[in-house]
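The primary structure of each chain is shown beneath.
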Amino acid sequence: EPGEETLQFYYLLDVRNPAPGPVTTAPPFTFELPQGARCSPLEDSSPLAVVNGTSVRVDAPFPPGSTYLQIGCELAVNGGSFDITHRFPATLEQFVVLVKRVRDTKLTSPQLTRVQEMPAQGDVYIAASGPSVPAGQPLVLSLTGLPHHSAVPRWIAVTLALGIVFAGVWAGTRNTGEAPDERKRLLAQR
């Protein structure tokens, strides 16, 4: 969900254990979130999920059935585009991405096989899906057309401020061309 200079995103993962008993993974089930993101587990997430900075770890063992990992994140973005690359420790059998379209927001990835726009609750969302991604392989998503403030006005203001400072320094150190004796004579005449 793009905002003004921010990006809010959510991971809704369903980790399935088809075995009749608990399963411990080796190595532990961990993955990294984008650098600079502030993340935390959502209310309905499994208590096995631990978020530490940008690292997510699931304390084993996984119980039989589904373990739901739900993580919410917010990230500051400085431009109109952002690339996300993820490597998950298990195979993603299928993935779905939903992006709220704001102005010209676009979602691209070589791994997307289906992309469409759909209206919902007065907004338009980009819905995309893709096939299986093997464990450890990167899932790459690119967002463009994100709302952001142009840096041009800021640079113009800084340039004008520096120009005013330099003009003040120049005017203060400028020699008026009057000799000290001439000044005294003019003061005496006045």
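No experiment lies behind these values; they were computed from the predicted model shown. (Residues numbered from 1 in each chain as written. Predicted model: local features only at pLDDT ≥ 70, side-chain atom pairs only at ≥ 80, totals over all residues. Heavy atoms only, no water.)

Colleague: Quick rundown of the state of the cysteines? Include the residues and the values.
Modeller: For the structure on display, the rule yields 1 disulfide. In this model C39 forms its disulfide with C73; the gap between the sulfur atoms is 2.2 Å. Its S-S torsion of approximately 115° makes the covalent link between C39 and C73 right-handed. Of this pair, C39 sits in strand 3 (residues 38–41) while C73 sits in strand 6 (residues 65–76), placing them 34 residues apart in sequence. (Disulfide = S-S within 2.5 Å. Helix = DSSP H or I, 4+ residues; strand = E, 2+ residues; numbered from the N terminus.)

Colleague: Give a detailed account of the pairing of strand 4 (residues 49–52), specifying residues and quantitative values.
Modeller: Taken together, the 4 bridges between strand 4 and strand 5 (residues 55–58) define a ladder with antiparallel strand orientation. Across the sheet, the residue bridging to A49 is V58, located in strand 5. Between strand 4 and strand 5, which pair antiparallel one after the other, the connecting turn spans 2 residues, and G53 there sits at a positive phi close to 70°. (Pairing = 2+ DSSP bridges.)

Colleague: Pulling in residues and values, what's your account of the sheet that holds strand 9 (residues 106–108)?
Modeller: If you walk across this open sheet you meet the 3 strands as 7-12-9, and the pairing is antiparallel. Sheet topology places strand 7 (81–87) and strand 9 at the edges, where each strand pairs with a single neighbour. This sheet shows a mean twist of 20° between the axes of neighbouring strands, independent of strand direction. The pairing of strand 7 with strand 12 (residues 138–144) spans 7 bridges and is antiparallel. (Axes fitted to C-alpha atoms, helices over the stretch in contact; angles between N-to-C directions.)

Colleague: Outline the pattern of salt bridges, listing residues and values.
Modeller: Applying the stated rule across the entire model yields 5 salt bridges. Between E74 and R38 there is a salt bridge, with its nearest N and O atoms 2.6 Å apart. Pair noted here: E74 is in strand 6 and R38 is in strand 3, with a separation of 36 residues, a long-range link. Residue classification places E74 among the partly exposed residues on the basis of a relative accessible area of 25%. (Salt bridge = Lys/Arg side-chain N within 4 Å of Asp/Glu carboxyl O. Buried < 20%, exposed > 50% of the residue type's maximum accessible area, 1.4 Å probe, protein only.)

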